[in-house]
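Examining the three-dimensional arrangement
The primary structure of each chain is shown beneath.
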Amino acid sequence: MLDRDTVALDDPVAESLRGRHAHLARRLGRAAGYLPEVASFSTVSGDPDPAEWDDLARLLGRGGFADLFSCPATPPADWEPIFALDGLQMVFLAPGATGRAGRADVTHVAHVEPGSELVELGADDVPEMLDLTARTRPGPFWPRTLELGTYLGIRENGALVAMAGERLRPPGWTEISAVCTAPEARGRGYASRLVDALVTHITARNERPFLHVAEANTSAIALYERLGFAFRKRVTFRGFRTP
Ligand SMILES: CC(C)(COP(=O)(O)OP(=O)(O)OC[C@H]1O[C@@H](n2cnc3c(N)ncnc32)[C@H](O)[C@@H]1OP(=O)(O)O)[C@@H](O)C(=O)NCCC(=O)NCCS
């Protein structure tokens with residue numbers, strides 16, 4: 001059931017840069033990456049030759065950073081590995097689909113803390129978003145990342161305490177990303193509310209949500225499963241320094 005229309009998720013960075021995010025791309029030959037400050041993801045074709053890796057190195061500059069988690073190929077030996085972390089790609093199963101969780105399981109998302117409000121975030125909120133992501137480390141977030149899609153936040157007495165947003169946009173799909181809640185505001189259902197709101201937003205335009213999560217982040221995986229996401233494939237979050 002999962003495989004028929006999920007091919008676009010095999011290299012979602014390439015698919016996004018070719019399509020919905022073409023205006024946020026920089027390219028050289030078949031190598032491509034996001035503009036600096038938007039995202040550090042880059043990719044090459046499925047069967048790159050040395051010239052294509054040279055193109056990507058030139059695109060990123062000498063000693064540049066390449067986040068290649070989505071890229072199917074492994075760079076040449078002179079690209080210095082910076083980090084590697086096991087992760088999962090999960091896809092949203094439509095309500096009623098067979099899976100380990102369904103949206104009917106979600107009962108706590110309607111909970112609203114007194115004094116809290118769910119808001120759409122914009123350019124003026126970026127300093128607070130950078131601060132929150134620096135404190136909670138949900139994954140990379142840069143000054144222009146919110147140009148990738150819709151970002152929602154929860155404010156408690158005015159202060160941003162939780163957020164989540166849309167990142168990669170391969171055809172027919174939208175990735176949910178930067179899901180995080182300040183340590184002092186956890187366990188109040190904020191992440192659940194935000195992810196659920198984004199699922200509603202994405203499915204309303206006939207797209208399907210997906211996401212990536214570190215394999216060791218078992219509490220986040222459990223949260224996503226409760227909200228209706230299921231495992232699709234393993235990924236390796238991996239960064240390299242160009243020669
Ligand atoms: C993962 C993370 C986003 C969860 O945020 P959160 O706002 O606490 O999430 P929720 O409150 O919606 O759900 C978390 C837990 O609280 C429980 N909960 C939800 N609503 C609740 C409520 N009203 N009262 C008490 N508990 C509640 C949930 O059942 C869930 O239980 P669990 O402890 O078994 O997981 C947060 O821990 C975080 O920011 N982690 C660091 C960044 C990160 O890893 N992000 C994910 C990247 S993929």
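Shown above is the structure to which this text applies.
Summary of the structure given here. (Residues numbered from 1 in each chain as written. Predicted model: local features only at pLDDT ≥ 70, side-chain atom pairs only at ≥ 80, totals over all residues. Heavy atoms only, no water.)

**Observations regarding the overall build of the protein chain**
- From N to C terminus, the protein chain includes five helices and eleven strands.
- Against the 2.2 N^0.38 benchmark of 18 Å for 243 residues, the protein chain shows a C-alpha radius of gyration of 18 Å, consistent with a compact globule.
- Considering only contacts within the protein chain whose residues lie at least 6 apart along the sequence, 72% involve residues at least 24 apart.
- Within the structure as shown, the protein chain displays about 11200 Å² of accessible surface, and the carbon and sulfur contribution to it stands at 52%. (Helix = DSSP H or I, 4+ residues; strand = E, 2+ residues; numbered from the N terminus. Rg over C-alpha atoms; globule rule 2.2 N^0.38 Å. Contact = heavy atoms within 4.5 Å. Areas by Shrake-Rupley, 256 points an atom, 1.4 Å probe, with all protein chains shown as cover.)

**Some thoughts on the site of the ligand**
- The local shell around the ligand holds 20 residues, among which Val179, Gly187, Gly189, Ser192 and Asn217 are the closest.
- Contact between the ligand and valine 179: a nitrogen atom at 2.7 Å from a main-chain N or O atom of the residue.
- Between the ligand and arginine 186 there is a distance of 3.3 Å, counted from an oxygen atom to a side-chain nitrogen or oxygen.
- Coverage of the ligand by the protein chains reaches 71% of its 930 Å² of free accessible surface.
- Counted by class, the shell around the ligand contains eight nonpolar, nine polar and three charged residues. (Near = heavy atom within 4 Å. Polar contact = N/O pair within 3.5 Å; in protein donor to acceptor, adjacent residues only side chain to side chain. Nonpolar A, V, L, I, M, F, W, Y, C, P; charged D, E, K, R; others polar.)

**Some details on the pairing of strand β9 (residues 173-181)**
- For β9, the buried fraction is high: nine of the nine residues fall into the buried class.
- One ladder, built from four bridges, connects strand β8 (residues 159-166) with β9; its direction is antiparallel. What sits directly across from methionine 163, in β9, is cysteine 180.
- Hairpin connection between β8 and β9: a loop of six residues separates the two successive antiparallel strands, and glycine 172 in this loop has a positive phi of roughly 85°.
- Examined bridge by bridge, β9 and strand β10 (residues 208-214) share four bridges and lie parallel to one another. (Buried < 20%, exposed > 50% of the residue type's maximum accessible area, 1.4 Å probe, protein only. Pairing = 2+ DSSP bridges.)

**Points about the sheet that holds strand β1 (residues 25-28)**
- Judged by pairing direction, the sheet is antiparallel, and its three strands sit side by side in the order β1-β2-β3 without closing on themselves. Of all strands in the sheet, those bounded by a partner on one side alone are β1 and β3 (42-43).
- Across two bridges, strand β2 (residues 31-34) lies against β3 in antiparallel orientation. Directly across from glycine 33, in β3, lies its bridge partner serine 42.

**Some thoughts on the sheet that holds strand β7 (residues 151-156)**
- Taken in spatial order, the eight strands of this open sheet run β4-β11-β5-β10-β9-β8-β7-β6, and their pairing is mixed. Two strands in the sheet have a free side with no partner beyond their single neighbour: β4 (65-67) and β6 (116-120). Direction aside, the axes of adjacent strands within the sheet are offset by 25° on average.
- When β6 meets β7, the two strands line up antiparallel, connected through five bridges. Within the sheet, the bridge partner assigned to serine 116 lies in β7 and is glutamate 156.
- Seen against the sheet, helix α4 (residues 190-204) touches β5 (80-92), β6, β7, β8, β9, β10 and β11 (229-241) and runs at an angle of roughly 35° to β8. (Axes fitted to C-alpha atoms, helices over the stretch in contact; angles between N-to-C directions.)

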